[in-house]
Amino acid sequence: MQYNLSSNLDVERIRLRLEHLISKGVVVDLTEKAFKTPNQNRYAHLLMGVVAMEVGEPVAYVKEYYFKRLCNSAIFVITKQDRFAGEVEELRSFTDLSKEEMSTAIDRFIRWGREQGWVMPNPTDEALLKELEIMMGRYTQYL
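Residues numbered from 1 in each chain as written. Predicted model: local features only at pLDDT ≥ 70, side-chain atom pairs only at ≥ 80, totals over all residues. Heavy atoms only, no water.

(A) Layout of the overall build of the chain. The helix and strand tally for the chain stands at six helices and two strands. In terms of overall size, the chain is more extended than a compact globule, its C-alpha atoms giving a radius of gyration of 20 Å where 143 residues would be expected to give roughly 15 Å. Taking the principal axes of its C-alpha atoms as reference, the chain extends roughly 60 × 40 × 30 Å. Counting every position in the chain, which comprises 143 residues, the buried fraction comes to 29%. (Helix = DSSP H or I, 4+ residues; strand = E, 2+ residues; numbered from the N terminus. Rg over C-alpha atoms; globule rule 2.2 N^0.38 Å. Buried < 20%, exposed > 50% of the residue type's maximum accessible area, 1.4 Å probe, protein only.)

(B) Just helix α3 (residues 59-71), in detail. The end-to-end C-alpha distance of α3 is 15 Å, clearly below the 18 Å that 13 residues give at a rise of 1.5 Å each. Within the span of α3, buried status applies to Val59, Val62, Tyr66, Phe67, Lys68 and Cys71. Down the axis of α3, the buried set is contained in an arc of 160°. They therefore lie on one face. (Expected span 1.5 Å × (residues − 1). Arc of directions from axis to C-beta.)

(C) Representation of the side chain of Gln40 in the model. Examined against the element boundaries, Gln40 turns out to sit in helix α2 (residues 38-55). Gln40 sits in the buried class, given a relative accessible area of 11%. Filtering out sequence-adjacent residues up to four positions away, Gln40 remains in contact with Lys99, Met102, Ser103 and Ile106. (Contact = heavy atoms within 4.5 Å.)

(D) The arrangement of the side chain of Lys68 in detail. Within the fold, Lys68 resides in helix α3. Despite its burial, Lys68 pairs with no opposite charge; the closest candidate is Glu64, at 7.5 Å N-O. Excluding residues within four positions of it along the chain, Lys68 makes contact with Lys63, Ser73, Phe76, Val77, Leu91, Arg92, Ser93 and Phe94. (Lys, Arg positive; Asp, Glu negative; His and termini not counted. Salt bridge = Lys/Arg side-chain N within 4 Å of Asp/Glu carboxyl O.)

(E) Examining the pattern of salt bridges more closely. Counting across every chain of the model gives seven salt bridges. Salt-bridge contacts for Lys80 lead to Glu90; the nearest nitrogen and oxygen are separated by 3.3 Å. Taken together, the positions of Lys80 in strand β1 (residues 77-82) and Glu90 in strand β2 (residues 86-91) put the pair ten residues apart, joining distant regions of the chain. The partly exposed category is assigned to Lys80, whose relative accessible area is 39%. Residue Lys130 is joined to Glu133 by a salt bridge in which the shortest nitrogen-to-oxygen separation is 3.9 Å. With a gap of three residues between them, Lys130 and Glu133 both fall in helix α6 (residues 126-138), about one helical turn apart. What you see here is one network of salt bridges that share partners, running through Arg42, Glu126, Lys130 and Glu133.

In structure tokens form, the structure reads like this:
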């Protein structure tokens with residue numbers, strides 16, 4: 001369970017939960033969650049746009065099949081047991097990733113893209129990133 005400690009309601013919830021766990025005498029794992037930044041989302045989307053333009057596939061296809069399944073299956077692909085369908089495969093959402101997981105996923109995707117011979121821009125190259133945003137905006141109907 002995640003709690004936002006800048007929210008008074010969540011602070012009260014975690015206090016109650018902690019008191020309950022203390023009374024049971026259990027072992028707990030308390031970790032801090034660092035969420036990805038808007039810049040990571042923007043950058044990942046632009047990288048997927050680069051690949052989409054290179055291969056002639058929609059960005060949604062590139063996101064699912066190349067970014068998530070091909071390059072980052074260890075991060076995104078989850079196998080679970082369904083009581084009716086048996087073993088099923090699901091993909092994690094970007095919103096479920098930590099900042100570190102997103103960084104790893106982006107790094108793997110860049111490495112793969114460069115192995116294909118494509119120009120994968122650096123996150124600091126603002127001029128190129130802005131140009132890519134403009135190009136993707138022009139060709140939205142195709143991407």
